[in-house]
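# Working through the structure, step by step
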Amino acid sequence: MVAALFANPPSPLAKGPDKVGTECATATCHANFAKKAHVHGPVAGGECEPCHVQKGAGLHEFKPRPQGGDPICYDCHDRKDQGKVVHGPVSEGGCTDCHDPHASDFEYQLVADGAALCVNCHEDDKTTQKHVHGPVAVGECIACHDPHSSNNEVRLKKPGSEMCLECHEDKKEAMASAAHVHPPVKEKCWSCHSPHGTAYEFQLLDEVPKLCFRCHKDKAKQIENVKTPHGAVTTGKRCVNCHDPHTSEFPKQLKMAPMDLCLSCHDKQVETPSGAIPDMKKWFADHADHHGPIRDKDCSACHDPHGSDNLRILKRAFPPEFYAPFDPQNYALCFGCHSPKLVEDPQTSSLTGFRDGTKNLHYVHVHQQKGRTCRACHEVHASAHPKHIRDSVPFGSWELPIAFEKLDDGGQCAPGCHVPRAYHNDGEQKQTTPAEAGAKKK
Ligand code: HEC
Ligand code: HEC
Ligand code: HEC
Ligand code: HEC
Ligand code: HEC
Ligand code: HEC
Ligand code: HEC
Ligand code: HEC
Ligand code: HEC
Ligand code: HEC
Ligand code: HEC
Ligand code: HEC
Ligand code: HEC
């Protein structure tokens, strides 16, 4: 419509100051309009009447034309208040709050450039933060906000995260192809990032982990109160050491496959408040007989990566000592997967291979007031021997040897605890000496 009415608005400058249509803008009168870089169409055409009416013949008083509520601008331009969310000044017809009706040095005859336009009315708090978002830093408020109206909250040009993905194409691609997208990332990037700026890197709304705790309140409770915290949670990028906040190929937003993740840090000796812990990666490489859950690459079957109240961030109880009075609660970790009957029944012909005939040797060793704990004989992760029997076990300052050997129908050992002994599953209920057992050796 505008284009039809004013297809080629004649420029006052082209005609020369003495030939201006209405003779209002001349070299001496209202000359400033033409000096500006951006002159409004009708003004450039010397048209003052569309907007001004002379109050009386001979009076040099030209009131802006009254418009019955609507701004005069809608005479020629499409309405700007048709979206669901209309900007305050637009719904009030305050077009000239932002646009000079005649001319200005800025594009669209704006009264100011970039953020300066907005801070005429809004607090100037967006560009003064420590970490300011790229487009905000250069005053491109209208990269995201429509200055007039739109159908989206705060008059965004696109709804939700789509707004951010307009520019962040790498994230858009990652979200399209990733197996798992963290739900808030799909909805609103600004549940974690300020679109403008904050005191934190990446314009985060808070530092990690507090940022995560805004939604994951249960984790806050757990992590703030655990007796055995995990160094991975309390140092470095904290939650983001292990979780990708946006997209992941693995469940639970993990950055890597679960076991690779653990071994990405535990590939060296690490100091902890309760002593050094060994290089686990090397341990697994050097000890071929891996425990079931390790073969499933599931470290979280036993450990809580976020910390726990138990020894070594274990999910359930496991005694740290060599001796402990027998109580199934003490072994809740192992009995979470293995039957406690393995230890509880004094006689058995099926529950365990650690028996001499039907005499349960687990019962003999473990089911005592001064019972040996599982650690006395077993490695929990991996060992060089069948049945995860260890080479040796720390006993005070001494590494007590075990010297276990598996036999076809039982086993034998020469531990630092007693004279060498062997047991046979289908033999008599009598422990033999290794010499006697030798014939049946594997
Ligand atoms: C698109 C509408 C429009 C056109 C065309 C227009 N004006 Fe205006 N003019 C206004 C409005 C609206 C105001 C009141 C501005 C305000 O209140 O901020 C105004 C105010 C003025 C004022 C007083 C304040 C000022 O900015 O100096 C003068 C003088 C003026 N116009 C001259 C002119 C002349 C001369 C022309 C033609 C060359 C012209 N106008 C064309 C809308 C227009
Ligand atoms: C009499 C008709 C008329 C009125 C009334 C009018 N305009 Fe315009 N406006 C035009 C013409 C003609 C152009 C130049 C069109 C072009 O360049 O495509 C224009 C251009 C503009 C532009 C620049 C558009 C662009 O794409 O560069 C803005 C912004 C603008 N007008 C705002 C206003 C505002 C605000 C008002 C009310 C204060 C108003 N106009 C009133 C006719 C009018
Ligand atoms: C809060 C400031 C602000 C107000 C108020 C405002 N505008 Fe604008 N307007 C802008 C900005 C910034 C642009 C340029 C960029 C854009 O459209 O995103 C613009 C562009 C325009 C354009 C040219 C581009 C387009 O969208 O067609 C027109 C015409 C226009 N405005 C008319 C109006 C009218 C009519 C009103 C009053 C109903 C009005 N504006 C009120 C800031 C404002
Ligand atoms: C003439 C004064 C004025 C100017 C200039 C102005 N605004 Fe506003 N703005 C308001 C008013 C009044 C409100 C409150 C009413 C509303 O929500 O629209 C508002 C509201 C907003 C809101 C919504 C706030 C909320 O909490 O929902 C946003 C976003 C906004 N303005 C952005 C901008 C941007 C970006 C600019 C610069 C292009 C700008 N404003 C320029 C007056 C202005
Ligand atoms: C990258 C896109 C983007 C840019 C650029 C941007 N904003 Fe926003 N703005 C948003 C989003 C998204 C929200 C909603 C935030 C929320 O709800 O927490 C918002 C909210 C607002 C609000 C209302 C809430 C508040 O923080 O006061 C105002 C006012 C505002 N913006 C003004 C501005 C101004 C002024 C600029 C330029 C200095 C600007 N915005 C630049 C995306 C942007
Ligand atoms: C108009 C384009 C544009 C839009 C829209 C946009 N951004 Fe940005 N964003 C940028 C640019 C440019 C940078 C700076 C890039 C750089 O320095 O590498 C940036 C940087 C960032 C950064 C910091 C990156 C870093 O490595 O420091 C974050 C976080 C960010 N944007 C989030 C958002 C969010 C959230 C939204 C939506 C509310 C959004 N962006 C919308 C252009 C945009
Ligand atoms: C759940 C919170 C959360 C949400 C939602 C979120 N981010 Fe992030 N984002 C972060 C955290 C935390 C970092 C810092 C990562 C780091 O330190 O390695 C970050 C970093 C970034 C960075 C800079 C580093 C990089 O990965 O390139 C960009 C850009 C970014 N986010 C964009 C986005 C966009 C775009 C969205 C929405 C599509 C979004 N973010 C949604 C939490 C979030
Ligand atoms: C705005 C809220 C919000 C924030 C902030 C947030 N998350 Fe989430 N997160 C969710 C929602 C919603 C889900 C999906 C529901 C669920 O499984 O709990 C989710 C799921 C997860 C999951 C997968 C849970 C599962 O069972 O599959 C992990 C892991 C996760 N978030 C980690 C984080 C980390 C790390 C941070 C901080 C960088 C963070 N979240 C920040 C809302 C949030
Ligand atoms: C050492 C790596 C690591 C760190 C650091 C870490 N997580 Fe996790 N997180 C995991 C693993 C592994 C899982 C999956 C556990 C499972 O499958 O049982 C997980 C699961 C989750 C879940 C899903 C619910 C659950 O418990 O299974 C949420 C939510 C979560 N983490 C949030 C966080 C938050 C918040 C932080 C920071 C305070 C954080 N994580 C730090 C490794 C980590
Ligand atoms: C980002 C590096 C990092 C990752 C990934 C990591 N850890 Fe750790 N872990 C540490 C550090 C550092 C310590 C020692 C500091 C501490 O906990 O006091 C530690 C300590 C431990 C401890 C001993 C805790 C104690 O104090 O007794 C165990 C057990 C453990 N990690 C298991 C795991 C498991 C299982 C995973 C995978 C889910 C894992 N770690 C992933 C860094 C990491
Ligand atoms: C079957 C349960 C179980 C699984 C599965 C498991 N652990 Fe453990 N882990 C333990 C127990 C029990 C301890 C305490 C051993 C001790 O005190 O002698 C422990 C201790 C640790 C320690 C401390 C060093 C040490 O030897 O005491 C680290 C580090 C560790 N585990 C990492 C891992 C990693 C990495 C995985 C996955 C590859 C994993 N664990 C899987 C039960 C398990
Ligand atoms: C998350 C479940 C789980 C937990 C907890 C667990 N185990 Fe296991 N364990 C297994 C699986 C699975 C196997 C393999 C069974 C198979 O291969 O038939 C296994 C096998 C064993 C074996 C026999 C290996 C063989 O070669 O037959 C021993 C010994 C063992 N576990 C000891 C323990 C001890 C001691 C604990 C407590 C520290 C424990 N387990 C905790 C799942 C678990
Ligand atoms: C005194 C040494 C010793 C102690 C203590 C011990 N075990 Fe064993 N365990 C063995 C031997 C030896 C075998 C191998 C039996 C065979 O197959 O010949 C074994 C086998 C196992 C097996 C494989 C299935 C079976 O019973 O044959 C499991 C599971 C197991 N033990 C769990 C435990 C748990 C849990 C504890 C602690 C509650 C524990 N053990 C304590 C020596 C011990």
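Residues numbered from 1 in each chain as written. Chains lettered and ligands numbered in written order. Predicted model: local features only at pLDDT ≥ 70, side-chain atom pairs only at ≥ 80, totals over all residues. Heavy atoms only, no water.

## Topic: the packing of aromatic side chains
Applying the stated rule across the entire model yields six aromatic pairs. Between Tyr-323 and Phe-395, the ring centres sit 6.1 Å apart and the planes meet at 85°, which makes this aromatic pair edge-to-face. Highlighted residues: Tyr-323 in strand S12 (residues 323-324) and Phe-395 in strand S17 (residues 392-395), separated in sequence by 72 residues. We classify Tyr-323 as partly exposed; its relative accessible area is 30%. Owing to a relative accessible area of 32%, Phe-395 belongs among the partly exposed residues under this scheme. Pairing Phe-326 with Tyr-331 gives two aromatic rings, centres 5.9 Å apart and planes at 20°, and the pair type is stacked. Here the two residues Phe-326 and Tyr-331 agree in accessibility, since each one is buried. Members of the aromatic cluster, joined through ring pairs, are Phe-322, Tyr-323 and Phe-395. When the ring centre of Tyr-323 is taken as reference, the NZ or CZ atom of Lys-370 above it lies at 4.5 Å. (Phe/Tyr/Trp six-rings, centres within 6.5 Å; stacked < 30°, edge-to-face > 60°. Helix = DSSP H or I, 4+ residues; strand = E, 2+ residues; numbered from the N terminus. Buried < 20%, exposed > 50% of the residue type's maximum accessible area, 1.4 Å probe, protein only. Lys NZ or Arg CZ within 6 Å of the ring centre and 35° of its normal.)

## Notes on the coordination of the iron atom of ligand 4
The protein atoms that coordinate the iron atom of ligand 4 are His-87 (NE2) and His-122 (NE2), at distances spanning 2.0 Å. Around the iron atom of ligand 4 sit six donor atoms, and with donor-metal-donor angles ranging over 86 to 179° the site reads as octahedral. Taken together, the residues His-87 in the loop between strand S4 (85-86) and helix H5 (88-91) and His-122 in the loop between helix H7 (114-118) and strand S6 (131-132) connect sequence positions 35 residues apart. Judged by relative accessible area, which is 48%, His-122 ranks as partly exposed. (Donors = N, O, S within 2.8 Å, 3.2 Å for Na, K, Ca; no water. Tetrahedral: all angles 85-135°; square planar, octahedral: opposite > 155°, others 65-115°.)

## Side note on the site of ligand 6
Within the structure, ligand 6 sits among 14 residues, and His-133, Cys-164, Cys-167, His-168 and His-193 are positioned closest to it. One of the side-chain N or O atoms of His-133 is found 2.7 Å from a nitrogen atom in ligand 6. A distance of 2.8 Å is found between a nitrogen atom of ligand 6 and a side-chain nitrogen or oxygen belonging to His-168. Taken together, the residues that form the shell around ligand 6 break down as ten nonpolar, four polar and no charged. (Near = heavy atom within 4 Å. Polar contact = N/O pair within 3.5 Å; in protein donor to acceptor, adjacent residues only side chain to side chain. Nonpolar A, V, L, I, M, F, W, Y, C, P; charged D, E, K, R; others polar.)

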